Amino acid sequence: MLYFLVMWVLLLLLCVPIGLGLAHRAGVHLSLVPDDAHPANRLMCPFQPEAVLITWLGVLGIAIALFSMSLWVPLSPLVGLAVGGSLAAIALRQASVRHDLQTLRQAIGWRQGLGIGALALLAAAATVQPVTWIDTGLYHYGTIRWLADYGTVVGVALIHDRFGFASSWFALAAPFNPVILDGRGTAIANGFLLWLLLLQGWAALTRIVSSKATIPDWFGASSLGLLIALFFGSSLMMEIVVSPSPDIPIILLAILLSSFLLISDEQNPMTADGLAFVILGLGAVAVTVKLSGLPLLAIGGLFFVGRYYQKPRSLLVGLGLVTIILLPMTIFGWLTSGCPLYPSSVMCLDLPWSLPQDAGEEARAQIHGWQLWFGSPPEGTPWLPWVFREWISLGITNKLLVGLGLLSTIATMLLLHRWWRSPYRAVIRGPIWVSALGLLGSAFTLILSPLIRFGLGYLILIPAMAIAWLGHAWIEPRWQRLPRPGLQLGKQWPWISVGLVAAIAAVTTVRGYPNLLLPPLLPSARVTTAQMQDISYVHPIDVGVDLCWDAPNPCALGPLELEVRLRQPNRGLAGGFERVLPNE
């Protein structure tokens, strides 16, 4: 637990200035602290929700930078610190960044600092649990280890095709997972996001309680409330949170991009123009995290074009921004599997280390799942109604998905009706963009896969938007009229503050024991050694049942089916792999 807390503080100290630097470069200057913060509101959050959104930009900036560096060097802790420190130093050269940081520092007193620390303890207690998510043992941790030990390895997908799945999120996790930790730090990145989620929820609730909330504040509170309920109420989702899974950042990126879409309605034209670049960049970064982020890029691109369609030069700059962000992922894909968007066959090249075409087709079938999982219906039974019944019977999460879909349909009609009747519909377009993202993302993920985790972030957008509009238009005016008796705590307040934090610390200590210093080890893998040409590798003893988990690389899921050899034997594993052709 202590390792997580120390690393999160280091990440926060790096991400805040980096995020501010990126935002200011785009011409986005948002208010980070309340203008009229009152010293009596000691339970209130000292910063605005926008401060957490800015921190997100820093997280993603570091992830992309590390992903780019992995093409050249292994992502050791020293490399990670050098990349993060360099980006922060560049950002701090801007006077406006230093000014905002000074404002934030002055707004956070020791009592508020205790609150921030208490939320960090809660996030640490939730994520310092054993990692049991199956995809971690399948390929997540193996990919992180390859990046940490060797960087991007040519042809590594020949050992296990999942190593060809590109994700900048694994690059972010790699420096925090040196080999000495034996996989104890795999959940550190998602745990940090959970902390940011709690901080943003605290900031949004503060705005609502103080009767100063805007539509983005209500949206943030409602969407984050839904997510926290789903995370902590579903054992499956919590299992994914306690892992390095890129599904979690994709879920949260849908909320992040939607928040910026809503904020853009309330800004002056110059800031709104800058936010269009931020939204476009977020959409591109989402694709580097996981291909299920493609709807984010589509909506971000349409929003950007709608803002700049009369400015060809700005459109070219936006195209260049997307190209720069996607370039590391493209190169990674070509180097590892021959396909920049693996398992998609788009833009695949015939290289000495390329995977055969049927490998990508099999991987897509396993992910999409509709045919592979459910098979064919009985003779004379229509496929669509039959597969829907089979799918909904799999578990409570699928029934929840249907409920969210119905709620989204109703909410979309209500939102469109309210927006059309609004006299400000010409300038208030954020809710429509958010609804479009929810519909497009939900349709995209449901068509491709029956797994709810791929589309959860999109599914909650429209219900959260409806709750936000209801809260802002109906609940807040009534809340403002309620009598609010003053609560004079006087000199007792410091003791109450310390007591609350002490109680949280005690609960988290009990929950985190005996992992107070480090998280638990990954499950042990039962593997056997095998040989292919000049490659010594391991694979699970019980093929098809066991996974690689903490096994050393190279680890395959079973005996290698393709004839593979070292590409540059003098460099060992770092030199990569290639196929052995039949005539060689």
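Our subject is the structure listed above.
Residues numbered from 1 in each chain as written. Predicted model: local features only at pLDDT ≥ 70, side-chain atom pairs only at ≥ 80, totals over all residues. Heavy atoms only, no water.

1. Regarding the overall build of the protein chain
Link 1 in the chain: When you go through the protein chain residue by residue, the secondary structure sums to 22 helices and four strands.
Link 2 in the chain: Here the protein chain holds 584 residues, and 54% of them are scored as buried.
Link 3 in the chain: Expressed as a percentage of contacts within the protein chain between residues at least 6 apart in sequence, the contacts between residues at least 24 apart total 72%.
Link 4 in the chain: As presented, the protein chain carries roughly 26000 Å² of accessible surface, and 67% of it is formed by carbon and sulfur atoms. (Helix = DSSP H or I, 4+ residues; strand = E, 2+ residues; numbered from the N terminus. Buried < 20%, exposed > 50% of the residue type's maximum accessible area, 1.4 Å probe, protein only. Contact = heavy atoms within 4.5 Å. Areas by Shrake-Rupley, 256 points an atom, 1.4 Å probe, with all protein chains shown as cover.)

2. Some remarks on helix α11 (residues 247-264)
Link 1 in the chain: With 18 residues, α11 ought to run about 26 Å at 1.5 Å a step, and its terminal C-alpha atoms sit 26 Å apart, in line with that.
Link 2 in the chain: Counting buried positions along α11 gives 18 out of 18 residues, so the element sits mostly inside the fold. (Expected span 1.5 Å × (residues − 1).)

3. Remarks on the state of the cysteines
Two cysteines, two sulfur atoms, one covalent bond between them: this is a disulfide.
Link 1 in the chain: A complete count under the given rule lists two disulfides for this structure.
Link 2 in the chain: A disulfide bridge connects Cys 548 with Cys 555, and the sulfur atoms are separated by 2.1 Å. Its torsion about the S-S bond being -90 degrees, the disulfide of Cys 548 and Cys 555 is classed as left-handed. Exposure class is identical for Cys 548 and Cys 555. Each is buried.
Link 3 in the chain: Sequence-ordered numbering of the bonded cysteines in the protein chain gives a pairing of 1-2, 3-4. (Disulfide = S-S within 2.5 Å.)

4. Some details on the environment of Ile 228
Link 1 in the chain: Considering the arrangement of structural elements, one finds Ile 228 in helix α9 (residues 215-233).
Link 2 in the chain: Here the alpha-carbon distance between Ile 228 and Gly 201, two residues 27 residues apart in the chain, equals 9.5 Å.
Link 3 in the chain: Once residues lying within four places of it in the same chain are set aside, the contact partners of Ile 228 are Leu 197, Leu 198 and Gly 233.

5. Digging into the pattern of salt bridges
If charged atoms from side chains of opposite charge come close, those side chains can pair.
Link 1 in the chain: Inspection of the entire model under this criterion finds eight salt bridges.
Link 2 in the chain: The closest approach of N and O atoms between Arg 145 and Asp 149, which form a salt bridge, is 2.8 Å. Remark: Asp 149 and Arg 145 occur in helix α6 (residues 134-149); sequence separation between them is four residues, near one turn of the helix.
Link 3 in the chain: In this structure Arg 145 comes out as buried when scored by relative accessible area, which is 7%.
Link 4 in the chain: The closest approach of N and O atoms between Arg 526 and Asp 546, which form a salt bridge, is 2.9 Å. Residue Arg 526 is located in the loop between α22 (493-512) and β1 (527-532), and its partner Asp 546 is located in the loop between β2 (535-540) and β3 (564-566); the two are separated by 20 residues in the primary sequence. (Salt bridge = Lys/Arg side-chain N within 4 Å of Asp/Glu carboxyl O.)

6. Some remarks on the pairing of β2
Link 1 in the chain: Most of β2 is tucked away: five of the six residues are buried.
Link 2 in the chain: In terms of strand pairing, β1 meets β2 through six bridges, oriented antiparallel. Bridged to Ala 530 within β2 is Tyr 537.
Link 3 in the chain: With antiparallel pairing between neighbouring strands as the criterion, β1 and β2 make up a hairpin whose turn holds two residues, including Gln 533 at a positive phi of roughly 55 degrees. (Pairing = 2+ DSSP bridges.)

7. Re unusual backbone geometry
Link 1 in the chain: Of the consecutive residues Tyr 342 and Pro 343, the connecting peptide bond is found in the cis state with omega at 15 degrees.
Link 2 in the chain: Note that Pro 343 resides in the loop between α14 (312-336) and α15 (357-368).
Link 3 in the chain: The step from Asn 553 to Pro 554 runs through a cis peptide bond, and the omega angle for that step is 0 degrees.
Link 4 in the chain: With respect to the helices and strands, Pro 554 occurs in the loop between β2 and β3.
Link 5 in the chain: Despite not being glycine, Gln 533 shows a phi value in the positive range, around 55 degrees.
Link 6 in the chain: Note on placement: Gln 533 falls in the loop between β1 and β2.

8. What about the environment of Gly 283?
Link 1 in the chain: For Gly 283, the location among the structural elements is in helix α12 (residues 269-289).
Link 2 in the chain: Using a relative accessible area of 0% as the deciding quantity, one classes Gly 283 as buried.
Link 3 in the chain: In this structure, the C-alpha to C-alpha distance between Gly 283 and Ala 254, residues 29 residues apart in sequence, is 9.0 Å.
Link 4 in the chain: In this structure, Gly 283 is in contact with Leu 257, Gly 293, Leu 296 and Leu 297, ignoring residues within four places of it in sequence.

9. Topic: the packing of aromatic side chains
Link 1 in the chain: Going through the model one piece at a time under the given rule, you end up with 16 aromatic pairs.
Link 2 in the chain: With a centroid separation of 5.4 Å and 50 degrees between ring planes, the pair formed by Phe 67 and Phe 332 is classed as tilted. With Phe 67 in helix α2 (residues 49-69) and Phe 332 in helix α14, the pair connects residues that are 265 residues apart, well separated along the chain.
Link 3 in the chain: Relative accessible area serves as the criterion here: at 1%, Phe 67 is assigned to the buried category. (Phe/Tyr/Trp six-rings, centres within 6.5 Å; stacked < 30°, edge-to-face > 60°.)

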